[in-house]
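Structure at a glance
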Amino acid sequence: MRPRLHTVVLLCAAVLAAGCLGATLYSGVEERGAALAFGVLVAVGELTRRSGTRIREAAPLAAAGSLAYALLGEAAGRPTHHGAAQVVTVVLAASLLGSVPHVVRGAGPALDPSARRVLTVGFVAVCFQPLYSQGAFDGWSGSAHALLLLALLSLTALCDAVLAAALAHSRTGWPFLPALRDELRALPGIGAAVIATGAVMALGVAVVGLWALPVFSVPLLLAQLSYRRYEAVRATYRQTIASLARATEIAGYTPAGHAHRVAALGQAVGRDLGLTEPELTVLEYAALMHDIGQLSLVDPVPAGATAVLPAAEQRRIALLGGAVVRQTGVDPRVAAIVERQADPHREQPLAARIVRVVNAYEEKSREGGPGGPLTALEELRLGTAGEYAPEVVEALARVLSRNTEGTREHGGRAWREPRTGLSDPARGWVTHG
Amino acid sequence: MEALPARARVYVVCVTLTALVCLVPPPGLLSSSPATGVPWWPVVPLAALYAGCERLARSRPVATPHPGGASYPVLLAGAFLLPPSGAALVALAGALPLPVEQRPYLVRRLWRTGRLVLAVWAASRVHLAVGGREAVADCDVPGALGTAGAAVLVFCLVLTLLDGGILALTAGVLPRGGRTSATAAWWQLFLRSLVPLTVHGLAGLMMALLWRSPYGPVAALLVLLPMGVSWWAFAQYHRERAAHQATIRALVQAVDIKDGYTRGHSERVGQASMMIARELGLDDDRVEVLRFAGILHDVGKLGVPTRLLTKNGPLTPEERRVIELHPEYGHEMVRGISFLGEARAAVLHHHERLDGSGYPYGLAGSQIPESARVVAVADAFDAMTSTRSYSRARPVPAALEELRRCAGAHFDPRMVAALVRAIGRSGWRPAVTADDVRPDADGHRPPAAVTEPAGPVTDRPGARR
């Protein structure tokens, strides 16, 4: 079996780390004060990492601190002498030390982020430290030096985004380009704050010495705090929608867990078709609420199976649902998708096509018994003339086959959350978990 | 809004005149500052930067809920770098051209600029007097931190004093309790502003240090990026939270309509629950959760057929049983929403009675969760005081009397007494529409007057719980 990309990346990082460690052990640690201060900063930053959040940069302070150490050329006006090897060693040691509590608490060490950290810091340090100590940047003084650091960090961030997308692609098999687009989209937010803080910290230490570290980390900590609160309220909102969308199940209109399963499978199909993160959120909400129109019916549809109803009836229920969703003040795009889920696929937006296909698959495969999934997929393929969009059905087939592989590989780990971050290593999930 | 009181106008004019004196010191007065004139180089770019940041904070993609104050770091950096009149000039040039949304335009514009000019001038003056310029120039960080701290303290003091003045003047009379409570309110305003302003002061100090360093203004600009990102995330947080609350409200309105209740029943039950919780002296988090408990108590009716809910005439035992399932339906729906906490128990048990004759479980006495006992009283009270399809509204005293009669058998006497006390003190003025008036932690909302810039200081990320 040919080596997967993430294995190669992990190996590279391990080799780099081992080499740097050896070189540092051989030559000893220069400027212990600075090394200790940056080590403490990175370790503290690592301690504030909160796993399980969907923030792309889970430990911004540690990232900014390690980048700043890699770009450090002076401290309080005196030139420094630590080489690239020492930078990688200090950052690695501090990161490992800072993640000890997380490991003790049972959250395993995040391999991919650590490998990415080692590789990016190594890249920056190798680009900067040797050239700087040889005096290659002497012509770049003053503002030009600041701009140089900024350019180097931006380049690194781009490379890191490519690396992250490639790792996600290799781990999960999701298409590479949408993953890369999502990574790049996240750059102007917390990514930019990390880059700016890294550059400013390096410059600040050069001007005022190690005092700059605690002072200059305050704005980034503030940004981290704001992001967490934003993420927390988003998670709450999602919980609320998911819970209230279950009104149809409680009222007996649809079988238990149906909306949840359609949302999960729809997300997977949407990701396969290259939807962006915001579009995926809209799709998720629409899928959760797609049956809510049935609340307005006088008599429940048998087993909630709308896919077997006459087209006119389906569209009537869809319009009712759209009206309910519009009332709840959720993003109007969600209501539009719910409203149009029963239209012929040529007139539908992509998200509505996905909801329709996935909903039909869920209903048909549930009725079909053991062989249900295969029969359901076959029926959907036959229906691609008018009802079901062929490209969505094909994406669904891809997702389902990948899912069977995925569950085998990841030991049948059941799907837990509606959506996990791209940097989450394992995203196997099962339809009937 | 109504016209501004004349004394408030006089106050604004006084502030403006004082600010003018700070900007252009007349010869002989305040001449202690070095008479070298204003250095144009840092003033112009800083003023442009300040104005740019303020515009950005008000622009569509950022749209912070309280835009004023987003760029205090720039102002404070100016106060640490420039002579006092120069720093005041930065505030003037940045704040004066900003658009004003509400009438009276001229007075608001003058007020917004005047208070900033005065505060920045005072901060810069203090910074100069305690020797902060030398600390910044020598990169002596402990010294720079100390002097910047003093300057930020003065900045905060001047801003809150000016705000307190305008609040007292536009509120008409001094708040209840006279002088002492006005002082207490000011002290609270000061404490709430201090933490965010300290963070802004730190950022301003970093900008000043880097501006003076060989790396120059480019490096100083980079300091603003993390601040800007945190502002953006904070604005997103507010937008998302507002959307969340709107969704919950809309859903319970759907329940009210489906049930044939008057519009806003759930909202009013939430309000009454909140009043009871406050009266019981619960902490703010629990008060908020109990408000949600009241709002969501009947959400399970979404699962009950509309035909039964709106049926005219007596219900068969079978139909009654179906309707009585709604607390369990509701609990089933909200049990996955973790922020609701004990409100979930209230949804399940709000039809239990103290003597054990209620449903769904027939719990009695202290077996019923406290939150459910609160919501039960609030629910019954609003049911009696609002007009239904089957009964006229009763006057509030009659409803309270009825509650007192049933206390002990149906309702917890403690909750009934709390409701009676709360209504006796502040009356019952239910909100007619489901507007988004979310009281602050202390329930204090500044009167909507020319205090527009006072909001932001108190609503910075650090200022909240």
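Keep in mind it's a predicted model, so treat the numbers as computed, not measured.

So, the overall build of chain B
The number of helices and strands found in chain B is 19 helices and zero strands. Going through the 465 residues of chain B one by one, you find that 47% of them count as buried. A separation of at least 24 residues holds for 72% of the contacts in chain B among residues at least 6 apart in sequence.

So, the nonpolar core
In this structure, V88 of chain A together with V377 of chain B are the most contacted members of the largest nonpolar core, which totals 263 residues. Those residues within four positions of V377 of chain B in sequence are excluded, and the remaining contacts are I276, L403, F411, M415, V416 and L419 of chain B.

Focus on the packing of helix α10 (residues 265-279) of chain B against helix α11 (residues 284-296) of chain B
The relative placement of two packed helices is expressed as an angle between their axes plus a distance between the axes. Residues and elements named next belong to chain B. Their axes nearest at 7 Å, the elements α10 and α11 cross at an angle of 150 degrees. Taken together, the axes of α10 and α11 lie roughly antiparallel to each other. α11 is crossed by α10, and the crossing has right-handed handedness. Contacts between α10 and α11 involve S266, E267, V269, G270, A272, S273, M274, A277 and R278 from the former and R286, V287, L290, R291, A293, G294 and I295 from the latter. Each residue belonging to the contact of α10 with α11 can be placed in one class, and the counts come to eight nonpolar, four polar and four charged.

A look at the interface of chain A and chain B
If you look at the interface, chain A gives 50 residues, while chain B gives 47 residues. For the side of chain A that touches chain B, the secondary structure elements donating two or more residues are α7 (143-172), α8 (176-208), α9 (212-216), α10 (218-244) and α11 (247-250) of chain A. Looking at the side of chain A that touches chain B residue by residue, the classes come out as 32 nonpolar, 15 polar and three charged.

Regarding the domain arrangement of chain A
Residue and element names in this part refer to chain A. Split by domain assignment, chain A resolves into domain 1 (5-231) and domain 2 (245-409). The centre of domain 1, based on its C-alpha atoms, is set 43 Å off from the matching centre of domain 2. Contact residues are listed per partner, giving eight residues for domain 1 and six residues for domain 2. Grouping the amino acids of the side of domain 1 that touches domain 2 by side-chain chemistry returns four nonpolar, one polar and three charged.

Quick notes on the confidence of the model for chain A
Per-residue pLDDT for chain A has a mean of 81; in total, 88% of the residues score no lower than 70. The least confident element of chain A is helix α18 (residues 390-409) of chain A, whose mean pLDDT is 75; the most confident is helix α3 (residues 60-70) of chain A, at 92.

What about unusual backbone geometry?
At the junction of Y359 of chain B and P360 of chain B, the peptide bond is cis and its omega measures out at 5 degrees in the coordinates. For P360 of chain B, the position within the fold is in the loop between α15 (343-349) and α16 (370-385). Despite not being glycine, E31 of chain A shows a phi value in the positive range, around 45 degrees. In this structure, C139 of chain B is a non-glycine residue whose phi angle is positive, near 55 degrees. In this fold, C139 of chain B is placed in the loop between α6 (132-137) and α7 (141-170).

Topic: the confidence of the model for chain B
Residue and element names in this part refer to chain B. The pLDDT averaged across chain B works out to 80; a share of 83% of its residues lies at or above 70. Under a pLDDT of 50 for its full length, residues 28-35 has, in the predicted model, six contacts with residues more than four places off or in other chains. Across residues 173-177, where pLDDT falls below 50, the model places seven contacts with residues more than four positions away in sequence or in other chains. Here the prediction assigns the complex a pTM of 0.76, and the interface score ipTM is 0.75.

Description of the environment of A307 of chain A
Structurally, A307 of chain A can be placed in the loop between α13 (277-288) and α14 (311-327). Sequence-wise, A307 of chain A and A76 of chain A are 231 residues apart; in three dimensions their C-alpha atoms are separated by 71 Å.

Definitions and cut-offs
Residues numbered from 1 in each chain as written. Chains lettered and ligands numbered in written order. Predicted model: local features only at pLDDT ≥ 70, side-chain atom pairs only at ≥ 80, totals over all residues. Helix = DSSP H or I, 4+ residues; strand = E, 2+ residues; numbered from the N terminus. Buried ≥ 20, exposed ≤ 12 C-beta atoms within 10 Å, placed from the backbone. Contact = placed C-beta atoms within 7 Å. Core = buried A, V, L, I, M, F, W, Y, C linked by C-beta atoms within 7 Å. Axes fitted to C-alpha atoms, helices over the stretch in contact; angles between N-to-C directions. Parallel < 35°, antiparallel > 145°, perpendicular 65-115°, else oblique. Left-handed = near helix turned anticlockwise from the far one by under 90°. Nonpolar A, V, L, I, M, F, W, Y, C, P; charged D, E, K, R; others polar. Domains from an automatic or database assignment. pLDDT = per-residue confidence, 0-100.

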